[in-house]
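Chain and residue survey
Chain residues, written in single-letter form:
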Amino acid sequence: MSDRTETVNSTSVNIRSPYDIDLSVNGFIRASAGTGKTYSMTALFARLITEGIHFSDDGIEGFAPLDLRRILVVTFTEKGTADLKRDIRKRIDSLISRVSVVRMTERFSETEIAEIYGDSGNFETQFIKRIGSGENAVRILKILTQAANDIDQASVFTIHGFCSRMLRANAFESGELFGLQVNEDTAELLTEASREVWRESFYPRGHEKEIGDKEAGLVHSVLVSPDSMAALFSKLGTRLSDGTVFNADCPEENGRRLSPREVLGRMLDGSRNGLADAVKKISVNMDIKTRKGDFNRIRDIIAGLRQETDSVAIMNGLSELWKTVRSLADEIRKAQDKAIKEGNGPYKLKDWEAEVLRLSENPELRDASCRAAREKNELRMSFVRALSEKFRGRLKALSSLTTDDLLTDLRDALESEHGRELAARIRSLLPVAMIDESQDTDSVQSEIFRKIYLSDEAKAEHARIFIVGDPKQSIYSFRGADVYTYNSLGKDISENGGCHYSLQRNYRSSADVIEAVNLLFRNSPGSSPLGEGI
C-alpha cells in the first residue's frame with residue numbers, strides 16, 4: 001500500500017471520445033459528476049464486445065473477442081447494477097438499429113453517415129464509420145444481436161455479489177465452506193452480541209467486585225453504550241480484518257490480549273501512564289489580562305490539572321485542553337492569513353494569542369493529550385475486539401457470513417497458498433474488469449482487484465482493468481473508502497503500464513458555475529488535500 005501522501009500520475013488524456021481509451025492497456029478514468037461517465041462506460045463495453053482486447057506479443061498484433069459474460073462490471077449498489085445493465089442494453093439496442101441500416105449497402109460516405117446519425121463526435125456515428133458496411137457490418141450486427149439476447153447474463157455485479165460468486169464458483173481454491181449462508185441483516189445479532197460483551201465486561205460475575213462510580217463514569221464517557229459500540233463496529237467494517245487495527249490499539253500483557261475490564265483497570269492506574277507528571281510540565285502565563293473566555297478557560301483547565309491526582313479527571317482535562325487550544329489556534333492562524341491576503345501587512349498578535357500559539361506547539365501538551373486519547377482508544381478497541389469474537393462466534397453457530405465477510409474471505413483466499421490459482425481461474429472467467437464508483441473502494445476491495453488484474457501474471461495473460469471514479473466524492477467515505485486508496489490504485493495502474501484519462505467536459509452544470517468553481521481552485525494551486533490534480 002502506498003504512503004498516504006502519494007498521488008496518482010497527474011498526466012492524463014482528456015477523453016473527447018470513447019475511442020480515445022486504449023484497449024491494449026489498463027485504464028484509470030477520472031469522471032466527475034455530469035461529465036458523461038455512464039455514456040463512456042457503455043461505449044467502452046460496446047467496444048469490448050465488438051473489438052475485443054488488443055495486445056502485442058513480440059511485435060505480433062492481435063485481439064481476443066469477448067463474450068459479454070466475460071466482462072466484469074462492478075458497481076456499489078443493487079440499484080446501480082440494475083441501472084448500469086439497463087444503460088448497456090440501451091447502448092447495444094441503439095447500435096443494432098444503426099448497424100442494421102449500413103449492412104444493407106456496400107458503402108456510405110462520411111457525409112451520408114453524418115447526415116443519418118448526426119454529430120460526427122457522437123459515439124454511434126464514430127462506431128459506424130469504423131465498422132464500415134457490407135460483410136463486416138453483418139459480423140458486428142451478429143455480435144450485437146447475440147449480446148442483446150444475452151444481456152441478462154451480463155456480469156454486472158455489486159462488489160459483494162462478485163465476491164460471493166467467485167467464492168462459490170471456486171470453492172476449492174478459495175477454501176470457502178459449502179452451505180454457508182450470507183446474512184445481509186445482522187444488526188439485531190450484532191446488538192445482542194454487544195450487550196452481552198458489555199454485561200460480561202462491566203457487571204460482576206462470581207466473586208468479581210462491582211465497578212465503582214468512577215469506573216462506570218469512565219466506561220460511559222468513552223464507550224457510551226452497547227448500542228454505540230455496535231455502531232462503531234459496523235462503521236469500521238472491513239477494516240477490522242486488517243490486523244494492524246487491533247495490533248496497534250489492543251494492549252497486551254505477556255502475549256495475552258487484555259479484556260475491556262483489564263484495560264479499564266490500567267486506565268485508572270495513574271502511576272502507569274505518567275499523565276500526572278506530564279501535566280506539571282505544561283504552563284501558561286497567568287498574568288495576561290483578557291476577556292477572551294476560551295483563553296481564560298485554558299488557564300483554568302491547566303491550573304486544575306496541576307492540582308489533580310485522579311487519572312480519569314486528568315485524561316478528560318487533557319482532552320478538553322487540547323481541543324480548546326487547537327480550536328483557538330486555528331482561529332488565530334486564519335486571522336493571520338486573512339490579514340496577509342487583504343494586504344493589511346503582518347497580523348499583530350495580542351499577548352493571549354501568542355500564548356495560545358505557543359501552547360499549540362508545546363510538545364509536552366501534544367504528547368500528553370495523545371497519550372490520553374490513546375488510553376481511551378485502547379478501551380474502545382479492546383471492546384470492539386471482544387465484540388468481534390462474540391459476533392463471529394454467533395455467526396459461526398448459525399453457519400452464516402456477513403456481506404463484509406465475503407470481501408475479506410476472497411481477499412484472504414487470494415493471499416493464500418492457492419491464491420495464484422484462484423486469481424488465474426477468475427481471470428479465465430472474467431479477463432476484463434470495469435470498476436465503477438472506484439472512489440468508494442476500500443483497502444480490502446482494492447487488494448482483491450490488484451491480486452486479480454494488476455499482477456505480472458495478469459499482464460502476461462492480457463487481462464485488463466478499467467477503473468472509473470470521481471475522487472472528489474471520496475469525502476463521503478462510503479463503506480470505509482478514502483481518497484488515498486483511490487490514489488494508490490491509480491499509481492498501480494501507472495506502474496503497470498496503464499493510461500490515465502479524464503472526462504473534463506461537464507454536460508450538467510452551467511458554464512458560469514463551472515468557471516466559478518475552477519477559479520476558486522485555480523487560486524490555490526497545489527493545495528488540494530486529496531492529491532495532485534484533484
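Residues numbered from 1 in each chain as written. Predicted model: local features only at pLDDT ≥ 70, side-chain atom pairs only at ≥ 80, totals over all residues. Heavy atoms only, no water.

What follows concerns the overall build of the protein. Secondary structure summary: the protein contains 24 helices and 13 strands in total. Residue burial in the protein is summarised as follows: out of 534 residues, 46% are buried. Put simply, of all contacts in the protein between residues at least 6 apart along the chain, 80% involve residues at least 24 apart. Working note: accessible area of the protein is about 27500 Å², and carbon and sulfur atoms make up 48% of it. (Helix = DSSP H or I, 4+ residues; strand = E, 2+ residues; numbered from the N terminus. Buried < 20%, exposed > 50% of the residue type's maximum accessible area, 1.4 Å probe, protein only. Contact = heavy atoms within 4.5 Å. Areas by Shrake-Rupley, 256 points an atom, 1.4 Å probe, with all protein chains shown as cover.)

This structure, assessed with the given rule, holds 27 salt bridges. Here Asp-310 makes a salt bridge to Lys-214, at a shortest N to O gap of 2.6 Å. Note that Asp-310 is positioned in the loop between helix 15 (293-307) and helix 16 (311-341) and Lys-214 in helix 9 (residues 213-222), a separation of 96 residues in sequence. Between Asp-412 and Arg-411 there is a salt bridge, with its nearest N and O atoms 2.7 Å apart. The network of salt bridges with shared partners includes Glu-192, Glu-196, Glu-200, Lys-390 and Arg-394. (Salt bridge = Lys/Arg side-chain N within 4 Å of Asp/Glu carboxyl O.)

Turning to empty space enclosed by the protein, a few remarks are in order. All chains considered together, the criterion is met by one cavity of 30 Å³ or more. For the lining of the largest cavity, the leading source of residues is helix 1 (residues 37-51), giving four residues. Taken together, the residues of the lining of the largest cavity break down into six nonpolar, one polar and one charged. (1 Å grid on protein atoms, 1.4 Å probe; cavity = no way out; pocket = protein on both sides within 12 Å on 5 of 7 lines; lining within 4 Å. Points joined across faces, edges and corners; volume = space filled by probe spheres on them. Nonpolar A, V, L, I, M, F, W, Y, C, P; charged D, E, K, R; others polar.)

Our focus in this paragraph is the packing of helix 12 (residues 260-267) against helix 18 (residues 363-397). Two elements in contact, helix 12 and helix 18, have axes whose closest approach is 9 Å; the angle formed by their N-to-C orientations is 170 degrees. The angle between helix 12 and helix 18 falls in the class roughly antiparallel. Two secondary-structure elements touch here, helix 12 through Pro-260, Val-263, Leu-264, Arg-266 and Met-267 and helix 18 through Glu-375, Lys-376, Glu-378, Leu-379, Ser-382, Phe-383 and Ala-386. Each residue belonging to the contact of helix 12 with helix 18 can be placed in one class, and the counts come to seven nonpolar, one polar and four charged. (Axes fitted to C-alpha atoms, helices over the stretch in contact; angles between N-to-C directions. Parallel < 35°, antiparallel > 145°, perpendicular 65-115°, else oblique.)

It is worth spelling out helix 17 (residues 351-360) at this point. In an α-helix, one full turn covers 3.6 residues, which means residues spaced three or four apart are oriented alike. Of all ten residues making up helix 17, seven are buried, and the element is well covered by its neighbours. Within the sequence span of helix 17, burial applies to Trp-352, Glu-353, Glu-355, Val-356, Leu-357, Leu-359 and Ser-360.

In this fold, Arg-297 is placed in helix 15. Placed 28 residues apart in sequence, Arg-297 and Val-325 show a C-alpha to C-alpha distance of 9.9 Å.

In this section: the side chain of Glu-124. For Glu-124, the location among the structural elements is in helix 4 (residues 123-131). Separated by 2.7 Å, the side chains of Glu-124 and Arg-91 make a polar contact. Not counting residues up to four positions away in its chain, the partners in contact with Glu-124 are Arg-91, Ser-94, Leu-95 and Arg-98. (Polar contact = N/O pair within 3.5 Å; in protein donor to acceptor, adjacent residues only side chain to side chain.)

On the surface, Glu-78, Glu-184, Asp-185 and Glu-188 cluster together into a negatively charged patch. Relative to the elements of secondary structure, Glu-184 occurs in the loop between strand 7 (181-182) and helix 8 (187-202). Under the relative-accessibility criterion, Glu-184 is labelled exposed at 68%. (Patch = residues over 30% accessible without salt bridge, like charges linked within 9 Å, V, L, I, M, F, W, Y side chains within 5 Å. Lys, Arg positive; Asp, Glu negative; His and termini not counted. Charge placed at Lys NZ, Arg CZ, Asp CG, Glu CD.)

What follows deals with the pairing of strand 5 (residues 71-75). Most of strand 5 is tucked away: five of the five residues are buried. Here strand 5 shows two buried faces, one formed by Ile-71, Val-73 and Thr-75 and the other by Leu-72 and Val-74. Where strand 5 and strand 11 (residues 432-435) come together, four bridges link them in parallel fashion. Opposite Val-73, over in strand 11, you have Met-434 as the bridge partner. As defined by bridge partners, strand 5 adjoins strand 6 (residues 156-158) across three bridges and the pair is classed as parallel. Within strand 6, the residue paired with Val-74 across the bridge is Phe-157. (Pairing = 2+ DSSP bridges.)

A word on the sheet that holds strand 2 (residues 27-31). Taken in spatial order, the seven strands of this open sheet run 1-13-2-12-11-5-6, and their pairing is parallel. Unpaired on one side and paired on the other, strand 1 (13-14) and strand 6 mark the two borders of the sheet.

Here the focus is the side chain of Asp-310. Judged by relative accessible area, Asp-310 falls into the buried class, the value being 17%. Among the polar contacts listed, one links the side chain of Asp-310 to the backbone nitrogen of Ala-313, at a separation of 2.8 Å.

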